Structures are given as C-alpha cells and as structure tokens.
Amino acid sequence: MKETIRVGIIGLGGISRVHAAAYRGYGDNAILVSGADPDTPARKKFHETFGINAYVNYKEMLASEDLDAVSVCVPNFLHARVALDCLDAHCNVYCEKPPAINELEVMDMIEAAKKKDLLLMWAFNNRYRPEAQLIKRLIDMDDGITGIGNIYQVSTSWRRRNGIPMRGGWFTKKAESGGGSLIDLGVHVLDLAMWVLDYPKIRTVVGSVGDNFGRQKSHNGPWGKPDSQGLFNVEDYASAFITTTDGCAIKLESSWASHREGEQVALEILGMKGSLKMNRKFRVEGDDNAAVDRLRFYHDNGEAWVDEELHVTPDPAMGRIAGVRHFVDCVQDRELEPVVKPEEGYQLMCLLRAIYASAEKGEAIQFSATA
Ligand SMILES: NC(=O)c1ccc[n+]([C@@H]2O[C@H](COP(=O)([O-])OP(=O)(O)OC[C@H]3O[C@@H](n4cnc5c(N)ncnc54)[C@H](O)[C@@H]3O)[C@@H](O)[C@H]2O)c1
C-alpha cells in the first residue's frame, strides 16, 4: 500500500489554489497539512477555502510540520531560495514555472536535490494536457510506418490580446519576475516544443522582444487591481527562431497584449508524413473554463489529403491538477519516471537567456548549454 504524503504549500496566491485542490482531491495519496504566506488576506482566504491555518513565515512551517513535499508557488525571484530551504528541510519540491529567474539558480536547485536524493519537479503542466499526451504518444510510437515521420519544424505560441498581468505587481518588475511574456507564457510553450523533440541539442537562437503595449500605462489585463503608475520594465511580446543541431526549426511567439483575435495557445508539429496541431482558444481572456481545445492531424493516405479531428477528454485545468498528482505519485514511488526532468528546466532557462541576449545584441547566438 502507498504511503500518504504530507504536503505544504508556500505562497498562497492565485495558482496555489489549484495545487491545494489537486492535493485535497487525491484521496489517501496526499494530505494537505499547511501553507505559508506573509500576506494576511492570502492566509485568510486559504483558511476560508481549505479550513487550514497557514504560517506567516515558511521557514517556521518547514521547522514545525513533518512534511514530505512542498509546492513552491511564490513569485519567480523567490523560487530558488524557497526551494533550496525546502530541500534543506528534506522535502521533495514541486516548483511552479519558470524554474527560477536564471539558469544559475536552477543549477543550484538541481545540485541540492541530487545531494539530498529528493525529487525536484517543475510545474510544466501543459505536458499533462490530454492533447499533449496524445501528441507525445503518437510521436514516440513512430515505427517508420505509423506516426508523423521526421519532424522538421515546430511552431509554438501563447498570445494574449489584452493580458498584461497586474501592472505594478511582481509580474511586471524584472527583478522579481525575471522577464515578461517570454518567461511567463513563452516558457510553457517552449517547454512543449522541446519536450516533443526530446529536448534536442540547440545550434542557434535569434530573439526579438518589445514593450509596445506595456509602455502605454492604460493597457492592463483583467487580473487583480493594476497600478497604472506601477513599474513596468519587462517585455510584453517576444519571438524567437531556434535551430537544432539535427536540422529542426522551432518558432516561438509569446505576448501579453497584441491586436489579434484573442488569447490562444498553439503547438504545430510538422513531420514528413503528417502534422499535428493543438490549439486552445480562450473565449474569455484568461478564463480556462471558457476555453476550447482542439487537436488536428493532417496527412495524406496515398490517394488524398486527410484532415482528422482527434478527440480527447478536455481538461479545462490545462494539466495543472494532473501535474501535481503525478508529482505525488513520484514521491510515493521513486521507481516511477518523472514526466519532467530537473535538467530540462536548466536547458530551458539557458534558452530563455539566449533569446533575451540575442534580442539585446540584435544578432544570432551560437547556443551552448550543458547540465
Ligand atoms: N502553471 C501555471 O499555469 C501558473 C499559473 C499562474 C502562476 N504560475 C506561477 O506560480 C507562481 C505564483 O504565481 P501566482 O499567480 O499565484 O502569484 P500571486 O502573486 O497570486 O501569489 C504569490 C503569493 O506568494 C506570496 N509570497 C510572497 N513572498 C512570499 C514568501 N517569502 N513566503 C511565502 N509566500 C510568499 C505572496 O504574498 C502571494 O500571495 C509564479 O511563479 C507564477 O509564474 C503558474
């Protein structure tokens, strides 16, 4: 019989509620013991929703509760510091995306987890979406006859029309977020592209970023209470063109604001025998429950071009709950292979660094990353 794991959550804001609900609804596998947040309204809401008292100081929680695992749901600049403290307290860590604000912090986290033989998993929840899982299965089962054949291009994007998160809060301050739409949204979809390609070696990176909408102080998304005079020193859009050493191209785009149809998340994989296209269209900006997911398969059967709609059970939560529960499974059974590996977080952060560097220098970057 599997042991029930004792879990805490650090950072009790927006995303923590999904983690809490995921642990809560996972039967005897996990017990949500406590949370921590210096913000009084956040602790109050946690108590009202889950009936659990929370600590002001997470270090006190780590010292007082006998926890097996912790979800790290704090602003990006605190991921590394908090995760290292959790690992030091012998807790397995499920860390929200991005892994940290740079690759050096990520390396410290990976080394600490290895030293303590503890799990460190990044919340790349989009991998757990049913469409993404089917895509990965179809690609992995390619035996030369079935499947989509050699992949030569992956295009991926997360583009909002009106989605600058909380101007003046931590999202729009570079020192606290590490960047704007690229590190916030781009990180999800770049991970998807890299994952379907089995995290290939990268040759070159060309990036471009800008803040056209962020500079207009009236431009704010639907979240929280934006401060129109608040600091905004990150990008609100980014695009990149990445080539792999085995000849594949990755096209990436992310935006918090733009003049277009509305928020969409897309992944298109072009193979020699077929292509897969997954797409989430938000009918209401930022509202997962009003979103529509589609997965299409384009190929030819020797006689005609074929467009197929592939149907999976939709997951409005975008794999967030499934990701938390996979983490629980992996803590309970260390023989299980985690879907997300620590080193992938390092490689991804190196790629983000290269995109920002290319944008700043205005030239292509010859990429190098070893983890
Ligand atoms: N996977 C996803 O889809 C997804 C979605 C949203 C956010 N996120 C990530 O989750 C993290 C949190 O985002 P959010 O939207 O919940 O932000 P948020 O601002 O709503 O919540 C962050 C919380 O952390 C608390 N906090 C700050 N310092 C702390 C400390 N020292 N100890 C404990 N708590 C502290 C804040 O008071 C706040 O309540 C970010 O890294 C973000 O990128 C991921």
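What counts and what doesn't
Residues numbered from 1 in each chain as written. Predicted model: local features only at pLDDT ≥ 70, side-chain atom pairs only at ≥ 80, totals over all residues. Helix = DSSP H or I, 4+ residues; strand = E, 2+ residues; numbered from the N terminus. Buried ≥ 20, exposed ≤ 12 C-beta atoms within 10 Å, placed from the backbone. Contact = placed C-beta atoms within 7 Å. Pairing = 2+ DSSP bridges. Right-handed = clockwise from strand over helix to strand, strands pointing away. Expected span 1.5 Å × (residues − 1). Arc of directions from axis to C-beta. Axes fitted to C-alpha atoms, helices over the stretch in contact; angles between N-to-C directions.

Colleague: Please clarify how the environment of Gly168 should be interpreted in this entry.
Modeller: Tracing the backbone through its elements, the reader meets Gly168 in the loop between strand 7 (151-159) and helix 7 (174-177). Take Gly168: there are 18 C-beta atoms within 10 Å of it, and that puts it in the partly exposed class. For the pair Gly168 and Gly230, spaced 62 residues apart in the sequence, the C-alpha separation amounts to 3.7 Å. Beyond its immediate sequence surroundings of up to four residues, Gly168 is in contact with Pro226, Asp227, Gly230 and Leu231.

Colleague: Before we go on, may I ask you to explain the pairing of strand 5 (residues 92-95) in this structure?
Modeller: Of the two faces of strand 5, the one holding Asn92 and Tyr94 and the one holding Val93 and Cys95 are both buried throughout. Pairing of strand 4 (residues 69-72) with strand 5 involves 4 bridges; the strand directions are parallel. Pairing of Ala69 across the sheet is with Asn92, part of strand 5. The parallel pair strand 4 and strand 5, bridged by helix 4 (residues 79-88), forms a crossover whose chirality is right-handed.

Colleague: Hey, could you run me through helix 5 (residues 103-116) in this one?
Modeller: Residue pairs spaced three or four apart in an α-helix point in one direction, given the helix's 3.6 residues per turn. Between the first and last C-alpha of helix 5 there are 20 Å, a value that for 14 residues agrees with the 20 Å anticipated at 1.5 Å per step. If you check which residues of helix 5 are buried, you get Glu103, Glu105, Val106, Met109 and Ala113. One face of helix 5 carries all of its buried residues, which in axial projection span an arc of 155 degrees. Away from its buried face, by an angle of more than 90 degrees, helix 5 presents the exposed residues Leu104, Lys114 and Lys115. Against the buried residues of helix 5 lie helix 4, strand 5, strand 6 (120-122) and helix 10 (342-361).

Colleague: What exactly am I supposed to notice about the sheet that holds strand 3 (residues 54-55) here?
Modeller: Read across the sheet, 6 strands follow the order 3-2-1-4-5-6 without closing on themselves; strand pairing throughout is parallel. Each of the sheet's edge strands pairs with one partner strand only, and the pair in question is strand 3 and strand 6. Here helix 1 (residues 16-24) sits on the sheet and contacts strand 1 (5-10), strand 2 (30-36) and strand 4; the angle it forms with strand 2, its principal contact strand, is near 155 degrees.

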